[in-house]
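Per-entry structural report
Residue-level listing of the chains:
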Amino acid sequence: MVSDFQNSVYSVCKQIPPGRFSTYGRIAQVLNTSPRAVGGALKRNPYAPQVPCHRVISSNFSLGGFYGEMESAKKIEMLRSEGIEFDKEFRVEKKYRDLIFEEFKESNNQ
DNA sequence: CTTTTGGCGCTTC
DNA sequence: GGAAGCGCCAAAA
């Protein structure tokens, strides 16, 4: 079962192009909701490749709580193949932090 | 830099 | 209907 709320979250998430990333809080701001609700929706993401939930991280540039440590390494690998590199603290490297995607179109939703 | 605190929208029980 | 728990966050200490 996919709720309308989930679809709206996925709709925003799909706007993130390769090589860019965003945060739960920023998406929550776009949808006028809370970060936890966004995390909850992305966790149950049934459209794995289409909706790039791996490009959504936490606001402090770390990964968030999604999988185990082993699986989170896989996320880092994915994002690295798109051009974003992480450091040993599982955080986005400083020089890539400007690549955060902010240009969301709200006309898609609402 | 770290930890605590309070609040948030949504899903699940 | 109510209550508890999340892939969180910002501010304060």
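Residues numbered from 1 in each chain as written. Chains lettered and ligands numbered in written order. Predicted model: local features only at pLDDT ≥ 70, side-chain atom pairs only at ≥ 80, totals over all residues. Heavy atoms only, no water.

An unreviewed UniProt entry lists chain A under the name Methylated-DNA--protein-cysteine methyltransferase, with Rozella allomycis as the source organism. If you open the UniProt record of chain A and go to Sequence similarities (unreviewed entry), you find "Belongs to the MGMT family." (UniProt positions renumbered as here; feature names shortened; annotations may be inferred.)

Our focus in this paragraph is the packing of aromatic side chains. Counted under the stated rule, the structure contains three aromatic pairs. Between tyrosine 10 and tyrosine 47 the ring centres are 5.8 Å apart and the planes differ by 80 degrees, which places this aromatic pair in the edge-to-face class. Here tyrosine 47 lies in the loop between helix H3 (35-43) and strand S2 (56-57) and tyrosine 10 lies in helix H1 (residues 4-13), a separation of 37 residues in the sequence. Classification of tyrosine 10 as buried rests on a relative accessible area of 2%. By relative accessible area, which is 31% here, tyrosine 47 ends up partly exposed. Here phenylalanine 21 and phenylalanine 61 contribute two aromatic rings whose centre-to-centre distance is 6.3 Å and whose plane-to-plane angle is 75 degrees, an arrangement assigned as edge-to-face. Placement of the pair is phenylalanine 21 in the loop between H1 and strand S1 (22-23) and phenylalanine 61 in the loop between S2 and helix H4 (69-81), with a sequence separation of 40 residues. (Phe/Tyr/Trp six-rings, centres within 6.5 Å; stacked < 30°, edge-to-face > 60°. Helix = DSSP H or I, 4+ residues; strand = E, 2+ residues; numbered from the N terminus. Buried < 20%, exposed > 50% of the residue type's maximum accessible area, 1.4 Å probe, protein only.)

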